[in-house]
Amino acid sequence: MKLLHNTTETDVNHAIAGAASGCLTRFICQPLDVIKIRLQLQVEPISTHYNSKYRSISQTFWLILREERMSALWKGHIPAQSLSVVYGMTQFYSYNIFIKMLQIPKTERWKHLREFIAGAGAGSLAIIISFPFDTVRTRLIAQSSNNQVYNGVLHSCSSILRQESPRVFYFGLLPTLLQIAPHSGLQFMFYNIFTDLYKRYFNDTKTNFYNSMVSGSVAGLISKTIIYPLDLAKKRLQIQGFQHGRKGFGKFFQCNGLLDCLTTTIREEGLLGLFKGLVPSQMKAAAVTALSFTMYEEVLFLLKK
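Residues numbered from 1 in each chain as written. Predicted model: local features only at pLDDT ≥ 70, side-chain atom pairs only at ≥ 80, totals over all residues. Heavy atoms only, no water.

A. Spotlight on the overall build of the protein. In terms of regular secondary structure, the protein is built from nine helices and zero strands. For 305 residues, the compact-globule estimate of 2.2 N^0.38 gives 19 Å, and the protein sits close to it at 20 Å. Reported as C-alpha extents along the three principal axes, the dimensions of the protein are approximately 55 × 40 × 35 Å. Contacts in the protein between residues at least 24 apart in sequence constitute 78% of all its contacts with a sequence separation of at least 6. Split by element, the accessible area of the protein, about 13900 Å² in all, is 67% carbon and sulfur. (Helix = DSSP H or I, 4+ residues; strand = E, 2+ residues; numbered from the N terminus. Rg over C-alpha atoms; globule rule 2.2 N^0.38 Å. Contact = heavy atoms within 4.5 Å. Areas by Shrake-Rupley, 256 points an atom, 1.4 Å probe, with all protein chains shown as cover.)

B. Here's a closer look at the side chain of arginine 38. Tracing the backbone shows arginine 38 in helix H1 (residues 11-41). Look at arginine 38 and you get buried, because its relative accessible area is 1%. For arginine 38, the contacting residues outside a window of four places in its chain are Tyr54, Ile64, Glu68, Lys75, Ile141, Gln143 and Phe249. (Buried < 20%, exposed > 50% of the residue type's maximum accessible area, 1.4 Å probe, protein only.)

C. Quick look at the packing of helix H7 (residues 209-238) against helix H8 (residues 258-269). One can describe the packing of H7 onto H8 by two numbers: an axis separation of 10 Å at closest approach and a directional angle of 100 degrees. Regarding the angle of H7 to H8, the classification is roughly perpendicular. Residues Pro229, Leu230, Leu232, Ala233, Arg236 and Leu237 of H7 form the contact with H8, whose participating residues are Leu258, Cys261, Leu262, Thr265 and Glu269. (Axes fitted to C-alpha atoms, helices over the stretch in contact; angles between N-to-C directions. Parallel < 35°, antiparallel > 145°, perpendicular 65-115°, else oblique.)

D. Representation of H7 within the structure. Taking 1.5 Å as the rise per residue, H7 with 30 residues should run 44 Å; its terminal C-alpha atoms sit only 36 Å apart, a clear shortfall. Maximal helix bending in H7 amounts to about 65 degrees, located at isoleucine 227; proline proline 229 follows within four positions. (Expected span 1.5 Å × (residues − 1). Bend = angle between axes of the 7 residues up to and from the residue.)

E. Here's a closer look at the packing of aromatic side chains. What the rule picks out here adds up to 14 aromatic pairs. Residues tyrosine 198 and phenylalanine 202 carry aromatic rings whose centres are separated by 4.5 Å and whose planes lie at 40 degrees to one another, so their mutual orientation is tilted. On the accessibility criterion, tyrosine 198 (17% relative accessible area) is buried. Note on phenylalanine 202: relative accessible area 49%, which makes it partly exposed. Arginine 236 extends its terminal NZ or CZ atom over the ring of phenylalanine 253, reaching a point 4.5 Å from the ring centre. (Phe/Tyr/Trp six-rings, centres within 6.5 Å; stacked < 30°, edge-to-face > 60°. Lys NZ or Arg CZ within 6 Å of the ring centre and 35° of its normal.)

F. Structural view of the packing of helix H4 (residues 111-142) against helix H6 (residues 173-201). Where H4 contacts H6, the axes come no closer than 7 Å and their chain directions differ by 140 degrees. With respect to their mutual orientation, H4 and H6 come out oblique. Regarding H4 and H6, the two cross each other, and that crossing is right-handed. Broken down by class, the residue content of the contact of H4 with H6 amounts to 14 nonpolar, eight polar and three charged. (Left-handed = near helix turned anticlockwise from the far one by under 90°. Nonpolar A, V, L, I, M, F, W, Y, C, P; charged D, E, K, R; others polar.)

Shape descriptors only; they carry no functional weight alone.
Here you go:
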């Protein structure tokens with residue numbers, strides 16, 4: 001089973017498999033996402049040598065459990081699920097369409113470049129459609145359970161529309177597009193590269209479960225590390241104007257746009273500040289990409305049968 005290059009499946013099957021993959025993957029990996037976002041939004045150093053609220057992955061995990069209970073690790077899960085389902089469905093469906101459009105004669109030697117371009121286009125389209133869910137999710141995760149501003153998805157949406165403006169739903173879209181295009185392109189490209197290497201090494205003609213898991217995890221780890229500073233900038237832009245919901249988390253980070261966000265982070269927190277939350281993000285990226293591609297392949301196989 002070769003990812004997306006089999007033309008016997010209908011386009012609808014790709015959309016269904018992508019939605020199912022996004023839903024299952026999101027539920028399993030949501031706690032890592034909550035921890036990652038909390039670390040990304042903290043201005044103070046993430047270190048045991050400072051009196052910061054969050055000092056490590058394990059300390060953040062146990063502190064959230066102690067202060068906010070187990071349910072806080074799935075905070076923002078409903079908009080996150082909506083985001084994942086819409087994103088997964090759009091990404092895999094449009095990738096399949098783009099691959100078909102790019103399959104012109106005499107381009108087989110450029111197949112990995114074609115996969116990168118198709119993946120970049122698919123990721124960009126998917127993020128534009130699903131981005132409002134991401135903003136709502138980030139705000140729900142960013143607020144403390146002891147100082148709640150929003151009481152749920154509908155309340156957060158109505159509050160943003162009433163107190164701010166519809167534009168707020170797309171705050172951080174530019175850095176997101178700048179990161180998601182290469183990120184999605186690299187994911188698909190590296191995934192196909194590593195599945196091919198796996199098959200050659202183990203003399204296997206099909207992309208099996210183990211191949212998908214290994215190739216997906218490596219592809220996710222590499223691609224996330226490359227684009228990480230833009231991911232951090234996106235999260236920080238999404239909470240601008242949300243100072244009242246961040247009481248008890250330390251200093252509030254303020255910026256005006258992508259470049260100001262990056263330069264302010266470097267000036268106040270050093271170059272390593274651009275990589276706050278990198279380790280849980282890498283863990284999440286490896287797990288999410290592996291699960292996403294594997295579940296997509298398995299669901300597509302079941303639909304085909």
